[in-house]
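Chain by chain, the residues:
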Amino acid sequence: ELTDRTALVTGGTSGIGLAIAKALAAAGANVMIDGFGEASECEALARSLADEHGIKAAWTGADVSKPDQLANAVDRAETELGPVDILVNNAGVQHVAPVEDFPVEQWDRIIAINLSSAFYATRLVVAGMKERGWGRVINTASAHSLVASPYKSAYVAAKHGLVGFTKTVALETAAHGVTVNCISPGYVWTPLVEKQIPDTMKARGLSREQVIEDVLLKAQPTKAFVTVEQVAAMALFLCSDAASQVTGANISMDGGWTAQ
Ligand code: NAD
């Protein structure tokens, strides 16, 4: 259903971004994955997407906090795959520290990667989307775009800001067949989360189940993780015709976290 569409997915080499890239490729879209990783592995990943789904795919290691590198990534996508119809601004990082100790460099880095990057990329593709009368911009926000947790000032500020950016561009593009939305997951089961479990078990003297339910999923009433496949399915839905009237939205997938 996305045949002949081209997608650029930032943070596409891991976790949620990779799952979204796979879902878009499975639906027939050409995919440029951007993200960090061993070049040979990332290139192999792109090749396997292309081979498995009969689409065009490529990888770029552009740092999304650098506007010129993102511009190169968009150029490459447009030359090698086709005009960017679907932009997934998904790359993101975290740093946890009390505000009085929060390093200025970490603040600037998180604002650049989690917020400014969406502007850097979106501004480059919106004109083409409007011209062609179809486009999808999907921003991975977070439950932290709606509520806060202590010690995550930069992340929470960036994700709240991303929602404001999303609403603004949604209004600017609404009459042109372009939708701009956020998906806001709660805790998603990614390798990143899984790796924290053994250390937390040791540090707090808890069982695996206690760490998952009482520490990680404390805020999530369902006491279950969101899966990357579920987030990818939502992204795919946002690309469908059924979602053409969904724009400027911030869609929660958080097991009830922000209902509290
Ligand atoms: P992840 O660590 O598995 O993936 C992050 C991706 O971003 C990787 O591909 C990495 O290479 C890329 N990346 C990091 N810095 C980059 C940079 N400067 N330039 C280009 N690429 C860069 O994390 P994930 O859990 O899949 O997170 C993806 C998004 O989902 C993030 O925006 C994150 O804030 C958001 N999110 C995650 C969760 C969760 O529980 N995992 C919950 C809510 C929101």
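No experiment lies behind these values; they were computed from the predicted model shown.

A few words now on the overall build of the protein chain. If you tally the helices and strands in the protein chain, you get 9 helices and 7 strands. Expected size for 260 residues packed as a compact globule is a radius of gyration near 18 Å; at 18 Å, the protein chain falls within 12% of this value. Oriented by its inertia axes, the alpha-carbon framework of the protein chain measures out at about 55 × 40 × 35 Å. Across the 260 residues that make up the protein chain, the buried fraction comes to 46%. Taking all contacts inside the protein chain whose residues are at least 6 apart in sequence as the whole, residues at least 24 apart take part in 73%.

With that out of the way, let us pick up the packing of helix α4 (residues 104-132) against helix α5 (residues 153-173). At a closest axis distance of 9 Å, the pairing of α4 and α5 adopts a crossing angle of 15°. Judged by the inter-axis angle, α4 sits roughly parallel to α5. Relative to α5, α4 is oriented so that their crossing is right-handed. Here Gln 106, Trp 107, Ile 110, Ile 111, Asn 114, Leu 115, Ala 118, Phe 119, Thr 122, Val 126, Met 129 and Lys 130 of α4 lie close against α5, whose contacting residues are Ala 154, Tyr 155, Ala 158, Lys 159, Gly 161, Leu 162, Phe 165, Val 169 and Thr 173.

Before going further, it helps to examine the nonpolar core. Membership of the largest hydrophobic core comes to 72 residues, with the highest contact counts inside it found for Ile 20, Leu 24, Val 31, Val 231 and Ala 235. Ranked by residues supplied to this core, first place goes to α4 with 10 residues. The residues touching Ala 235, leaving out its near neighbours within four places in the chain, are Ile 20, Ala 23, Val 88, Ile 138 and Ile 183.

Moving on to the domain arrangement of the protein chain. In terms of domains, the protein chain is made up of domain 1 (6-187 + 227-259) and domain 2 (189-225). Computed from C-alpha atoms alone, the centre-to-centre distance between domain 1 and domain 2 is 26 Å. Contacts between the two partners involve 10 residues from domain 1, matched on the other side by 13 residues from domain 2. A per-class count over the side of domain 1 that touches domain 2 returns 4 nonpolar, 5 polar and 1 charged.

What follows concerns the UniProt feature "domain: Ketoreductase" (unreviewed entry) in the protein chain. Residues annotated by UniProt as "domain: Ketoreductase" (unreviewed entry) correspond here to residues 5-186. In this annotation, residues 5-186 is assigned 50% helix and 18% strand; the end-to-end C-alpha distance for the span is 29 Å.

Okay, the site of the ligand next. Close to the ligand lie 27 residues; Gly 11, Gly 15, Gly 35, Phe 36 and Gly 92 are nearest. The element that contributes the greatest number of residues to the shell around the ligand is helix α1 (residues 15-26), accounting for 3 residues. Taken domain by domain, the makeup of the shell around the ligand includes at least three residues from each of domain 1 (6-187 + 227-259) and domain 2 (189-225).

Turning our attention to the sheet that holds strand β5 (residues 135-140). Strand order in the open sheet formed by 7 strands is β3-β2-β1-β4-β5-β6-β7, with parallel pairing between adjacent strands. Both edges of this open sheet fall to β3 (57-60) and β7 (250-253), since each of them pairs with a single strand only. Neighbouring strand axes in the sheet, compared pairwise and without regard to direction, differ in orientation by 15° on average. Examined bridge by bridge, strand β6 (residues 178-185) and β7 share 4 bridges and lie parallel to one another. Within the sheet, the bridge partner assigned to Ser 184 lies in β7 and is Ser 252. Taken strand by strand, α1 contacts β1 (6-10), β2 (30-34), β3, β4 (86-89) and β5, and its axis lies near 170° from that of β1. The strands touched by helix α2 (residues 39-53) are β2 and β3; relative to β3, the strand with the most contacts, the crossing angle is about 160°.

Okay, α1 next. For α1, with 12 residues, the first-to-last C-alpha span of 17 Å sits near the 16 Å given by 1.5 Å per residue. With 11 of 12 residues buried, α1 is to be regarded as a mostly interior element. When α1 is considered as a whole, its buried residues turn out to be Gly 15, Ile 16, Gly 17, Leu 18, Ala 19, Ile 20, Ala 21, Lys 22, Ala 23, Leu 24 and Ala 25.

Moving on: the pairing of β4. The alternating pattern of β4 places Ile 86 and Val 88 and Leu 87 and Asn 89 on opposite faces, both of which are buried. As paired strands, β1 and β4 are joined by 3 bridges and run parallel to one another. Paired with Ala 7 across the bridge in β4 is Ile 86. Each parallel crossover has a hand, and the one from β4 via α4 to β5 is right-handed.

It is worth spelling out the packing of helix α7 (residues 196-204) against helix α8 (residues 208-216) at this point. Relative to each other, α7 and α8 sit at 100°, their axes nearing to 9 Å. Relative to α8, the element α7 lies roughly perpendicular. Contacts between α7 and α8 involve Ile 197, Thr 200 and Met 201 from the first element and Arg 208, Val 211 and Val 215 from the second. Looking at the contact of α7 with α8 residue by residue, the class counts come to 4 nonpolar, 1 polar and 1 charged.

Quick notes on the rules
- Residues numbered from 1 in each chain as written.
- Predicted model: local features only at pLDDT ≥ 70, side-chain atom pairs only at ≥ 80, totals over all residues.
- Helix = DSSP H or I, 4+ residues; strand = E, 2+ residues; numbered from the N terminus.
- Rg over C-alpha atoms; globule rule 2.2 N^0.38 Å.
- Buried ≥ 20, exposed ≤ 12 C-beta atoms within 10 Å, placed from the backbone.
- Contact = placed C-beta atoms within 7 Å.
- Axes fitted to C-alpha atoms, helices over the stretch in contact; angles between N-to-C directions.
- Parallel < 35°, antiparallel > 145°, perpendicular 65-115°, else oblique.
- Left-handed = near helix turned anticlockwise from the far one by under 90°.
- Core = buried A, V, L, I, M, F, W, Y, C linked by C-beta atoms within 7 Å.
- Domains from an automatic or database assignment.
- Nonpolar A, V, L, I, M, F, W, Y, C, P; charged D, E, K, R; others polar.
- UniProt positions renumbered as here; feature names shortened; annotations may be inferred.
- Near = placed C-beta within 6 Å.
- Pairing = 2+ DSSP bridges.
- Expected span 1.5 Å × (residues − 1).
- Right-handed = clockwise from strand over helix to strand, strands pointing away.

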